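# Structural description and commentary
Below, each chain spelled out in residue letters.
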Amino acid sequence: MPYACINGMNNDPITLFSANDSVVLAGTMGGGIYFSMDFGLYWYQDNSGGAISSVYSFAQNKNGDLYGFSKEDGVYKSTNGGLHWNKIGNGPDTIPLTIANCAPNGYIYAYSPDIGVYISKNSGLDWELLKNDISKYHVPTIIFDSTPRVYASTMGGGILMSNNNGGNWTNVSSNIPSDTIYSMVCDSSGYLYASAGDNNLYKSQFNVLSVGDNSNLNAQLTFEIFPNPVSDIIN
């Protein structure tokens, strides 16, 4: 067993990630990866001999493979639900990748507040820094629909969308009054939800999966405050 059993964590957790219905991962500051198989009652610390230090984010692809992003040590991968981790590829070292997500086509996107958005097109082996419009902004969220279009919430640039794997980005939130988007999700039906800097929650007025032609999405996509009418009380 590659983990030592403890009741609790001796290091400060930076990020948490639910790998499946019962497995929870915790990336810590200086203590590597912790693993719980009982919804957080007991935790096991990775016994990599200190090879993994501070872990800032996790991502999981459609095959269930897990990726852990360490500031000091680069990118690690687990193919058995988080039990064992191996350093992979030429990942950016000494960079805190605080946001990471895997697209349906297998590409991995990761964001560093110090540098910008990176993309890997070969399962984490090699990484490319996107040097285009998205590099201007802080990026709290990167999500996808099943096409897979890529959406990024930004601080100052609204919602940016790319239909060519991050090659170019277009603003698709022109009718949201604030250009600060703290977070966003896409539900299983294809509707986008965005938390904006004007303290409102917005929902797209149609599901983005219904737009087969990517070129039409920018012209058609509009958002409305959700729920409408708005209430301060959630029943």
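Residues numbered from 1 in each chain as written. Predicted model: local features only at pLDDT ≥ 70, side-chain atom pairs only at ≥ 80, totals over all residues. Heavy atoms only, no water.

## Notes on the overall build of the protein
When its secondary structure is counted, the protein shows one helix and 21 strands. Relative to its full complement of 235 residues, the protein shows a buried share of 47%. When contacts within the protein are restricted to residue pairs at least 6 apart in sequence, long-range pairs at least 24 apart make up 39% of them. In the structure as shown, the protein presents an accessible area of about 11100 Å², 47% of it carried by carbon and sulfur atoms. (Helix = DSSP H or I, 4+ residues; strand = E, 2+ residues; numbered from the N terminus. Buried < 20%, exposed > 50% of the residue type's maximum accessible area, 1.4 Å probe, protein only. Contact = heavy atoms within 4.5 Å. Areas by Shrake-Rupley, 256 points an atom, 1.4 Å probe, with all protein chains shown as cover.)

## Thoughts on the packing of aromatic side chains
Counted according to the given criterion, the structure contains five aromatic pairs. On the basis of an interplanar angle of 45 degrees and a centroid distance of 6.0 Å, the ring pair of Phe-58 and Trp-85 is categorised as tilted. On the criterion of sequence distance, the pair formed by Phe-58 in strand β6 (residues 55-60) and Trp-85 in the loop between β8 (74-78) and β9 (86-87) is long-range, its members being 27 residues apart. Assessed through its relative accessible area of 4%, Phe-58 is described here as buried. On the accessibility criterion, Trp-85 (11% relative accessible area) is buried. Considering the side-chain rings of Tyr-109 and Phe-144, the 5.4 Å spacing of their centres and the 45 degrees angle between planes classify their relative orientation as tilted. With Tyr-109 in strand β11 (residues 108-112) and Phe-144 in strand β14 (residues 138-144), the pair connects residues that are 35 residues apart, well separated along the chain. Classification of Phe-144 by relative accessible area gives buried; the value is 12%. A cation over an aromatic ring shows up here: Lys-203 above the ring of Tyr-191, its NZ or CZ 4.7 Å from the ring centre. (Phe/Tyr/Trp six-rings, centres within 6.5 Å; stacked < 30°, edge-to-face > 60°. Lys NZ or Arg CZ within 6 Å of the ring centre and 35° of its normal.)

## So, the pairing of strand β15 (residues 150-155)
In terms of residue burial, β15 counts as a mostly covered element, since five of its six residues are buried. Pairing between β14 and β15: five bridges, direction antiparallel. Counted as the bridge partner of Ile-142 is Ala-152 from β15. Where β14 folds back onto β15 in an antiparallel hairpin, the turn is made up of five residues. Bridging between β15 and strand β16 (residues 159-162) involves four bridges; their strand directions are antiparallel. Bridge pairing in β16 links Ala-152 to Leu-160. From the end of β15 to the start of β16, which pair antiparallel, there are three residues, and Gly-156 there has a positive phi angle of about 120 degrees. (Pairing = 2+ DSSP bridges.)

## A look at the confidence of the model for the protein
Should pLDDT be low for a region, the predicted coordinates there are not to be read in detail. Across the protein, the average pLDDT comes to 83, with 84% of residues at 70 or higher. The spread of mean pLDDT over the elements of the protein runs between strand β1 (residues 3-6), the lowest at 57, and β15, the highest at 95. (pLDDT = per-residue confidence, 0-100.)

## Topic: the nonpolar core
Buried together is how nonpolar side chains tend to be arranged in soluble globular proteins. In this structure, Tyr-151, Ile-159, Ile-176, Met-184, Leu-192, Leu-221 and Phe-223 are the most contacted members of the largest nonpolar core, which totals 16 residues. Among the elements of the structure, β16, β18 (181-186) and β19 (192-196) are those that each provide at least two residues to this core. If you tally residues by element for this core, the top one is β19, at three residues. Counting 15 residues, the second-largest nonpolar core is a separate cluster that includes Ala-103, Leu-130, Ile-142 and Val-150. (Core = buried A, V, L, I, M, F, W, Y, C linked by side-chain atoms within 4.5 Å.)

## Side note on the sheet that holds β15
The sheet built from four strands is open, its strands ordered β14-β15-β16-β17 with antiparallel pairing. Across the chains shown, the open sheet's two edge strands, defined by having one partner strand only, are β14 and β17 (170-171).

## Describing the side chain of Asp-145
Examined against the element boundaries, Asp-145 turns out to sit in the loop between β14 and β15. Relative accessible area serves as the criterion here: at 3%, Asp-145 is assigned to the buried category. Polar side-chain contacts of Asp-145 include one of 3.0 Å to the side chain of Arg-149. Here the side chain of Asp-145 touches Tyr-151 through a polar contact of 2.7 Å, side chain to side chain. (Polar contact = N/O pair within 3.5 Å; in protein donor to acceptor, adjacent residues only side chain to side chain.)

## Details of the pattern of salt bridges
Tallied over the entire structure, the rule returns three salt bridges. Between Asp-65 and Lys-77 there is a salt bridge, with the nearest N and O atoms lying 3.9 Å from each other. With Asp-65 in the loop between β6 and β7 (66-70) and Lys-77 in strand β8, this pair connects stretches of sequence that are twelve residues apart. What makes Asp-65 buried here is its relative accessible area of 15%. In this structure, the salt-bridge partner of Asp-133 is Lys-136, at a minimum N-O distance of 3.8 Å. (Salt bridge = Lys/Arg side-chain N within 4 Å of Asp/Glu carboxyl O.)

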